[in-house]
Amino acid sequence: RSLVWEPIDASQAARFLQSPIRPVHSDILLTKLRPGQRLNIEMICVKGIGKTHAKWSPVATAYYQMLPAVELVSPIAGDEARAL
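The structure displayed is predicted, hence computed values, not measured ones. (Residues numbered from 1 in each chain as written. Predicted model: local features only at pLDDT ≥ 70, side-chain atom pairs only at ≥ 80, totals over all residues. Heavy atoms only, no water.)

1. Some thoughts on the overall build of the chain
Alright, step 1. Counting its secondary structure elements, the chain contains 2 helices and 0 strands.
Alright, step 2. In terms of overall dimensions, the chain has C-alpha extents of about 60 × 30 × 25 Å along its principal axes.
Alright, step 3. Out of the 84 residues belonging to the chain, those deemed buried represent 0%.
Alright, step 4. Here the chain has roughly 9,300 Å² of accessible surface; of this, 56% comes from carbon and sulfur atoms.
Alright, step 5. Taken together, the 10 basic and 7 acidic charged side chains of the chain have centroids lying 14 Å from each other. (Helix = DSSP H or I, 4+ residues; strand = E, 2+ residues; numbered from the N terminus. Buried < 20%, exposed > 50% of the residue type's maximum accessible area, 1.4 Å probe, protein only. Areas by Shrake-Rupley, 256 points an atom, 1.4 Å probe, with all protein chains shown as cover. Lys, Arg positive; Asp, Glu negative; His and termini not counted. Charge placed at Lys NZ, Arg CZ, Asp CG, Glu CD.)

2. Here we look at the packing of aromatic side chains
Alright, step 1. The full count for this structure, using the stated rule, is 1 aromatic pair.
Alright, step 2. Aromatic pair Trp-5 and Phe-16: ring centres 5.6 Å apart, planes at 85 degrees, arrangement edge-to-face. Of the two residues, Trp-5 sits in the segment before helix H1 (10–15) while Phe-16 sits in the loop between H1 and helix H2 (79–83), which places them 11 residues apart along the sequence.
Alright, step 3. Under the relative-accessibility criterion, Trp-5 is labelled partly exposed at 26%. (Phe/Tyr/Trp six-rings, centres within 6.5 Å; stacked < 30°, edge-to-face > 60°.)

3. Focus: the pattern of salt bridges
Alright, step 1. In total, this model carries 1 salt bridge according to the counting rule given.
Alright, step 2. In this structure, Arg-82 and Asp-79 form a salt bridge, with 3.1 Å as the shortest nitrogen-oxygen distance. One end of the pair, Arg-82, and the other, Asp-79, are both in helix H2, 3 residues apart, so they sit about a helical turn from each other. Note on accessibility: Arg-82 and Asp-79 belong to one class, exposed. (Salt bridge = Lys/Arg side-chain N within 4 Å of Asp/Glu carboxyl O.)

Rendered as structure tokens:
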């Protein structure tokens, strides 16, 4: 329900104006978040067939790579800094 497709150029916007790209099933759960958590993700989709490569087989698995962003909200010095 919260996924929004943003075209990368005017040709995509014109091509999919009548039928915008969207998930086929809106009730598919991507992840569970705790209160105050949020995701900032960029997804890339490539259409292919299993005859070309196994990664496009209907039984292929999805994957993700976690790239956490750690933000320190206050300066840390001394023993606390060494412990990090």
